[in-house]
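Take a look at the letters that make up each chain.
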Amino acid sequence: MAALFLGCFLVIQNLSAQEWQTNLEKAQDLAQKNNNHIVLVFQGSDWCAPCIKLDREIWSTQEFQSLAKGHFVMLKADFPRKKQNKLPAVQEEHNKTLASKYNPNGYFPYVVVLDATGKVLGQAGYEKTTPKAYFNKLNSF
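So, here's what we can say about the structure. Owing to the predicted nature of the structure, the values given are computational and were not obtained by experimental measurement. (Residues numbered from 1 in each chain as written. Predicted model: local features only at pLDDT ≥ 70, side-chain atom pairs only at ≥ 80, totals over all residues. Heavy atoms only, no water.)

## Points about the sheet that holds strand β2 (residues 37-43)
Inference 1: Strand order in the open sheet formed by 5 strands is β1-β3-β2-β4-β5, with mixed pairing between adjacent strands. Each edge of the open sheet carries a strand with a single partner, namely β1 (20-21) and β5 (120-124).
Inference 2: Against the sheet, helix α3 (residues 49-59) contacts β1, β2, β3 (72-78) and β4 (110-114), and its axis sits at roughly 140 degrees relative to β2.
Inference 3: The strands touched by helix α5 (residues 89-102) are β2, β3, β4 and β5; relative to β2, the strand with the most contacts, the crossing angle is about 105 degrees. (Pairing = 2+ DSSP bridges. Helix = DSSP H or I, 4+ residues; strand = E, 2+ residues; numbered from the N terminus. Contact = heavy atoms within 4.5 Å. Axes fitted to C-alpha atoms, helices over the stretch in contact; angles between N-to-C directions.)

In structure tokens form, the structure reads like this:
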């Protein structure tokens with residue numbers, strides 16, 4: 001019985017989790033199809049304290065995920081440093097290409113709101129705020 005409950009919990013957890021894209025072209029296709037903007041997040045998931053806080057306080061919250069669903073395509077460009085978190089070479093190269101175009105100064109965390117064609121509409125970083133206020137900021141671009 002406990003295994004069944006755990007299995008149901010994990011399925012529900014996965015259904016409500018933020019769906020992150022890792023490929024710009026796929027994100028652009030989804031954004032065009034659904035008439036959404038793209039939120040491109042540059043992060044260092046295993047070394048950047050403000051990135052980890054942004055994930056915990058904003059991206060991972062049920063409130064932000066509910067607000068963002070139907071408004072944004074979430075695109076992650078992660079730059080982990082620990083060997084055990086190393087990305088596949090193809091993904092590393094893709095993230096570097098994104099960074100050279102949208103984050104040439106190497107800021108972390110750095111959040112860029114794009115339209116479906118890749119045009120920059122606005123940018124943000126870590127802020128100590130509520131998920132709703134952060135959503136409203138990103139949505140205002």
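Next comes the rest of the account.
## Focus on the pairing of β4
Inference 1: Summarising burial for β4: 5 of the 5 residues are buried, a large majority.
Inference 2: Examined bridge by bridge, β2 and β4 share 5 bridges and lie antiparallel to one another. In the sheet register, I38 faces β4, and the bridge partner there is L114.
Inference 3: One ladder, built from 4 bridges, connects β4 with β5; its direction is antiparallel. Paired with V112 across the two strands is Q123, which belongs to β5.
Inference 4: If you look at the hairpin formed by β4 and β5, you'll find 5 residues sitting between the two strands, and G118 has a positive phi there, around 100 degrees. (Buried < 20%, exposed > 50% of the residue type's maximum accessible area, 1.4 Å probe, protein only.)

## What to know about α3
Inference 1: Here α3 has its buried residues at C51, L54, E57, I58 and W59. Down the axis of α3, the smallest arc covering the buried residues is 150 degrees, so these residues share one side.
Inference 2: Buried residues in α3 make contact with β1, β2, α4 (62-68), β3, β4 and α6 (131-139). (Arc of directions from axis to C-beta.)

## Re the side chain of N95
Inference 1: Along the chain, the position of N95 falls in helix α5.
Inference 2: Excluding its chain neighbours within four sequence positions, the residues that come into contact with N95 are T22, F42, K76, A77, D78, F79 and L87.

## Some thoughts on the environment of F141
Inference 1: Turning to its location among the elements, F141 is positioned in the segment after α6.
Inference 2: In this structure the C-alpha to C-alpha distance between F141 and H37, which are 104 residues apart in sequence, comes to 9.4 Å.
Inference 3: In this structure F141 touches H37, V113, L121, G122 and Q123, once residues within four positions along its chain are discounted.

## Some remarks on the state of the cysteines
Inference 1: Scanning the model with the defined rule gives 1 disulfide in all.
Inference 2: Each sulfur of the disulfide joining C48 and C51 lies 2.3 Å from the other. Across the disulfide from C48 to C51, rotation about the S-S bond amounts to roughly 75 degrees, and the bridge is consequently right-handed. The pair C48 / C51 is uniform in exposure class, with both members buried. (Disulfide = S-S within 2.5 Å.)

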